[in-house]
Amino acid sequence: MELGNAVTVVALRSAIRLAWTVERAARALGAIGERLESAVEREAQRRQVDLADVLEPLIADATA
């Protein structure tokens, strides 16, 4: 194999490894987000709080 081809193969392998790592990180972050959302919903139900009422002023302030 020529040097140019070898460099291309190494670059492609590195790009694939990076894409695989990014995909795994995205899945992990998604799972964390789902667990956090579930925990917040359970706590809101336990305290009998409507999350929409709590978040509405925060969203309004953030978009202003």
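Heads up: the structure comes first, above all this text.
What you see is a predicted model, and the numbers here were worked out from it, not measured in a lab.

**Structural notes on unusual backbone geometry**
Phase 1: The backbone of glutamine 48 sits at a positive phi, close to 55 degrees, despite the residue not being glycine.
Phase 2: Within the secondary structure, glutamine 48 sits in the loop between α1 (3–47) and α2 (51–63).

**Details of α2**
Phase 1: For α2, which comprises 13 residues, the first-to-last C-alpha distance of 18 Å matches the rise-based estimate of 18 Å (1.5 Å per residue) to within 8%.
Phase 2: The buried fraction of α2 is low, at zero of 13 residues.

**A short note on the environment of alanine 44**
Phase 1: Summarising the element assignment, alanine 44 is placed in helix α1.
Phase 2: Measuring from C-alpha to C-alpha, the distance between alanine 44 and threonine 63 comes to 24 Å, with 19 residues separating the pair along the chain.
Phase 3: Beyond its immediate sequence surroundings of up to four residues, alanine 44 is in contact with Val49 and Leu51.

**A short note on the pattern of salt bridges**
Charged atoms that come close allow side chains of opposite charge to pair.
Phase 1: Scanning the model with the defined rule gives three salt bridges in all.
Phase 2: Between glutamate 23 and arginine 27 there is a salt bridge whose closest N-O contact spans 2.1 Å. Pair noted here: glutamate 23 and arginine 27 are both in helix α1, with a separation of four residues, about one helical turn.
Phase 3: Its salt-bridge partner being glutamate 43, residue arginine 46 comes within 2.6 Å of it at the nearest N-O pair. Within this pair, arginine 46 and its partner glutamate 43 are both found in helix α1, separated by three residues, close to a single helical turn.
Phase 4: Judged by relative accessible area, arginine 46 falls into the exposed class, the value being 58%.
Phase 5: The structure contains a network of salt bridges with shared partners spanning Glu43, Arg46 and Arg47.

Cut-offs applied
Residues numbered from 1 in each chain as written. Predicted model: local features only at pLDDT ≥ 70, side-chain atom pairs only at ≥ 80, totals over all residues. Heavy atoms only, no water. Helix = DSSP H or I, 4+ residues; strand = E, 2+ residues; numbered from the N terminus. Expected span 1.5 Å × (residues − 1). Buried < 20%, exposed > 50% of the residue type's maximum accessible area, 1.4 Å probe, protein only. Contact = heavy atoms within 4.5 Å. Salt bridge = Lys/Arg side-chain N within 4 Å of Asp/Glu carboxyl O.

From the geometry alone we can't say anything about function, so treat these as descriptive.
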